[in-house]
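# Fold and contact review
Residues per chain are reported as follows:
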Amino acid sequence: MTQAALDIRGLGMVFRRGEAVVEALASVDLAVGDREFVAIVGPSGCGKSTLLKLVTGLRRPTRGTITLHGRPVDGPRSDVGIVFQSPVLLPWRTVLDNVLLPADVLHLPRAQYRDRALELLELVGLGGFAKNYPQELSGGMQQRAAIARALVHDAPLLLMDEPFGALDAMTREQMNIELQRIWAASRKTVVFITHSIAEAVFLADRIVVMSPRPGRVLEVIDNPMPRQRSLDDTLTPEFGEVVRRVRVLLGGQGVAL
């Protein structure tokens, strides 16, 4: 692994709901290298999304530490981009204006970032849709716009929380190919949450397998599949073996692409 961009040590998170106490995460240790693509898989409710919220600084852990490029995460950070399962595009703003939203929120020079936004729209295959509105785009195109928005302020870390979970199977496959291409071009550090074992193996350099709640890291699997990957690679014995290893750790849980 290259030098750690994200370092998580002894992370624990407990939620209190009335008199009930829910332990979401317990003693999570994880280091993510600079420009590495890491996928996190685990059963529903194991704390994957909670982990991402802690990394963004939107929540504070009950215990443990998170450092990003050597600096403690103790609140919201501008050097993190986030892509959610839903694109969350504002319907009254054009695609270009949606991509520029982080620049507006962070009070960055709009003229300067407009050029970057247009470059990113070209990168994600939406160069001809800058003046369109979200409702004029397909679901996959909306997620491409959301990815461009997460990249516009040049955050070195990109967090993705099941970004393709709501898409149909064929669109999801195409988005996996597109995301691999975008990552190769932008070389951001990516932490990607998914319920799909095959998606994790297709995209990631390493696959982090988490336990049922409270979430712990069961194992981190190095992915031997070479880059760049095609859909034909998903049919190879090597790909199937990595999928099998992850599925065994999850006790047979998980879905395939």
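Keep in mind it's a predicted model, so treat the numbers as computed, not measured.

Attention shifts here to the sheet that holds strand β1 (residues 4–17). The antiparallel open sheet is built from 4 strands, whose spatial order is β2-β1-β4-β5. At either margin of the open sheet sits one strand with a lone partner, and together these are β2 (20–33) and β5 (71–72). As paired elements, β1 and β2 share 10 bridges and run antiparallel to each other. Considered in β2, the bridge of Ala-4 is made with Gly-33.

In a regular helix each residue adds 1.5 Å, so 14 residues correspond to 20 Å; helix α4 (residues 110–123) covers 19 Å between its end C-alpha atoms and thus fits that length. Among the structural elements, α2 (95–99), α3 (101–105) and α5 (139–151) are those in contact with the buried residues of α4. Where α4 ends, the next residue or the one after it, Gly-125, has phi of about 80°, a positive value.

Counting 52 residues, the largest nonpolar core has Ile-147 and Ile-207 as the members making the most contacts within it. Ranked by residue count, the leading element in this core is α5, at 7 residues. Ignoring anything within four residues of it in the chain, the contact list for Ile-207 reads Ala-39, Val-41, Ala-200, Val-201, Glu-219, Val-220, Ile-221, Asn-223, Val-242 and Val-246. Within the second largest apolar cluster, 28 residues are counted, among which are Leu-30, Leu-54, Val-55 and Val-208.

It is worth spelling out the packing of α5 against helix α6 (residues 169–186) at this point. One way to put it is that α5 packs onto α6 with a least axis distance of 11 Å and a crossing angle of 25°. Put simply, α5 runs roughly parallel to α6. Here the hand of the crossing between α5 and α6 comes out right-handed. In contact with Gly-140, Gln-143, Arg-144, Ile-147 and Leu-151 of α5, α6 contributes Thr-171, Gln-174, Met-175, Glu-178, Leu-179 and Ile-182. A per-class count over the contact of α5 with α6 returns 5 nonpolar, 4 polar and 2 charged.

Attention shifts here to the side chain of Ser-211. Counting through the fold element by element, Ser-211 comes out in the loop between β9 (206–210) and β10 (217–222). On the basis of relative accessible area, Ser-211 is assigned to the buried category, the value being 8%. A polar contact is formed between the side chain of Ser-211 and the backbone oxygen of Pro-214, at a distance of 3.2 Å. Filtering out sequence-adjacent residues up to four positions away, Ser-211 remains in contact with Pro-43, Cys-46, Arg-216 and Leu-218.

Before going further, it helps to examine the packing of aromatic side chains. Going through the model one piece at a time under the given rule, you end up with 3 aromatic pairs. Taken together, a centroid distance of 6.0 Å and an interplanar angle of 80° make the contact between Phe-37 and Trp-183 edge-to-face. One end of the pair, Phe-37, is in strand β3 (residues 37–41); the other, Trp-183, is in helix α6, and 146 residues separate them in sequence. Judged by relative accessible area, which is 6%, Trp-183 ranks as buried. Between the aromatic rings of Phe-37 and Phe-192, the centroid separation amounts to 5.8 Å while the plane-to-plane angle is 40°, which identifies the pairing as tilted. A residue pair is termed long-range when its members are at least 10 positions apart, and Phe-37 in strand β3 and Phe-192 in strand β8 (residues 189–193) qualify at 155 residues.

Before going further, it helps to examine the pairing of β9. For β9, a buried count of 5 out of 5 residues is recorded, marking the element as mostly surrounded by other parts of the structure. Of the two faces of β9, the one holding Arg-206, Val-208 and Met-210 and the one holding Ile-207 and Val-209 are both buried throughout. Of the pairings in the sheet, the one linking β3 to β9 comprises 4 bridges and is parallel in character. Residue pairing for β9: Ile-40 is matched across the bridge by Val-208. As paired strands, β9 and β10 are joined by 5 bridges and run antiparallel to one another. By the bridge assignment for β10, Arg-206 is matched with Asp-222. Adjacent in sequence and paired antiparallel, β9 and β10 are bridged by 6 residues.

A regular strand places its side chains so that they alternate between the two faces of the sheet. For strand β7 (residues 157–161), the tally of buried residues reaches 5 of 5 residues, placing the bulk of the element in the interior. Residues Leu-157, Leu-159 and Asp-161 point to one face of β7 and Leu-158 and Met-160 to the other, with burial holding for every one of them. Here 4 bridges tie strand β6 (residues 80–83) to β7, and the two strands are oriented parallel to one another. Residue pairing across strands places Gly-81 opposite Leu-158, the latter belonging to β7. Pairing of β7 with β8 involves 5 bridges; the strand directions are parallel. Of the residues in β8, the one forming a bridge with Leu-158 is Val-190.

Scoring rules and cut-offs
Residues numbered from 1 in each chain as written. Predicted model: local features only at pLDDT ≥ 70, side-chain atom pairs only at ≥ 80, totals over all residues. Heavy atoms only, no water. Pairing = 2+ DSSP bridges. Helix = DSSP H or I, 4+ residues; strand = E, 2+ residues; numbered from the N terminus. Expected span 1.5 Å × (residues − 1). Contact = heavy atoms within 4.5 Å. Core = buried A, V, L, I, M, F, W, Y, C linked by side-chain atoms within 4.5 Å. Buried < 20%, exposed > 50% of the residue type's maximum accessible area, 1.4 Å probe, protein only. Axes fitted to C-alpha atoms, helices over the stretch in contact; angles between N-to-C directions. Parallel < 35°, antiparallel > 145°, perpendicular 65-115°, else oblique. Left-handed = near helix turned anticlockwise from the far one by under 90°. Nonpolar A, V, L, I, M, F, W, Y, C, P; charged D, E, K, R; others polar. Polar contact = N/O pair within 3.5 Å; in protein donor to acceptor, adjacent residues only side chain to side chain. Phe/Tyr/Trp six-rings, centres within 6.5 Å; stacked < 30°, edge-to-face > 60°.

So, to be careful, I would describe these as geometric facts and stop short of saying anything about function.
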